[in-house]
Amino acid sequence: MDYQRDLNNSRNNQMYYNQLKREDAAKRKRRKKKSFASKEIEINEMVWAPEGYEGIFLFIYILTIPYITGAIFLFFAVAQADFDSFIKLNMTAFFIVWAIGYEIVATILLVSIFIMFLKYDDSK
């Protein structure tokens, strides 16, 4: 009697396992593969901003982050971390300092996007 029950139990387990495998295969067929470029991007996940003020904060970030990065670059690369030499630089040329920082930030972003592309796995 125990032998018969074990056989029935084994058969039921095999049927259940095969059913799970068929459902999993069907799900894999239905799921479309997403490319790296077709990923949806939510700006709220990347930029801190209060709800409804994302545009204003993004504009402020676009102005300040490259300028601060350019000023830091000028301090370390041009003035060689000497504050007196840094003060003598013409920091009133906002656009030039901003452009230097913009190039640095853009390079960092492009390298990080390339690294994310290499690490991208569409199996999720």
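Look up a bit, the structure's there.
Residues numbered from 1 in each chain as written. Predicted model: local features only at pLDDT ≥ 70, side-chain atom pairs only at ≥ 80, totals over all residues. Heavy atoms only, no water.

A.B. asks: I'd like a rundown of the nonpolar core, residues and numbers included.
C.D. replies: In terms of nonpolar packing, the biggest core is built from five residues, these being Ala-71, Leu-74, Ala-79, Phe-86 and Val-97. In this structure Ala-79 touches Leu-74, Ser-85 and Phe-86, once residues within four positions along its chain are discounted. (Core = buried A, V, L, I, M, F, W, Y, C linked by side-chain atoms within 4.5 Å. Buried < 20%, exposed > 50% of the residue type's maximum accessible area, 1.4 Å probe, protein only. Contact = heavy atoms within 4.5 Å.)

A.B. asks: Tell me about the packing of helix H3 (residues 54–78) against helix H5 (residues 94–119), and please be specific about residues and values.
C.D. replies: In contact at an axis separation of 7 Å, H3 and H5 are set at 90° when each is read in the N-to-C sense. Classed by the angle they form, the pair H3 and H5 counts as roughly perpendicular. For the pair H3 and H5, contact is made by Ile-62, Leu-63, Ile-65, Pro-66, Tyr-67, Thr-69, Gly-70, Ala-71, Phe-73 and Leu-74 and by Phe-94, Val-97, Trp-98, Ile-100, Gly-101, Tyr-102, Ile-104 and Val-105, respectively. A breakdown of the residues in the contact of H3 with H5 according to their chemical character gives 15 nonpolar, three polar and no charged. (Axes fitted to C-alpha atoms, helices over the stretch in contact; angles between N-to-C directions. Helix = DSSP H or I, 4+ residues; strand = E, 2+ residues; numbered from the N terminus. Parallel < 35°, antiparallel > 145°, perpendicular 65-115°, else oblique. Nonpolar A, V, L, I, M, F, W, Y, C, P; charged D, E, K, R; others polar.)

A.B. asks: So what's going on with the packing of aromatic side chains? Which residues, and what values?
C.D. replies: The full count for this structure, using the stated rule, is seven aromatic pairs. Plain terms: the ring middles of Trp-48 and Phe-57 are 5.5 Å apart, the flat faces sit at 85° to each other, and that makes the pair edge-to-face. Relative accessible area serves as the criterion here: at 23%, Phe-57 is assigned to the partly exposed category. Measuring from ring centre to ring centre gives 5.3 Å for Phe-75 and Phe-86, while their planes differ by 90°; the resulting arrangement is edge-to-face. Residue Phe-75 is located in helix H3, and its partner Phe-86 is located in helix H4 (residues 83–88); the two are separated by 11 residues in the primary sequence. Its relative accessible area of 15% is what places Phe-86 among the buried residues. Taken together, the aromatic side chains of Trp-48, Phe-57 and Tyr-61 make up a single cluster linked through ring pairs. (Phe/Tyr/Trp six-rings, centres within 6.5 Å; stacked < 30°, edge-to-face > 60°.)

All quantities given are derived from atomic positions and should not be read as evidence of function.
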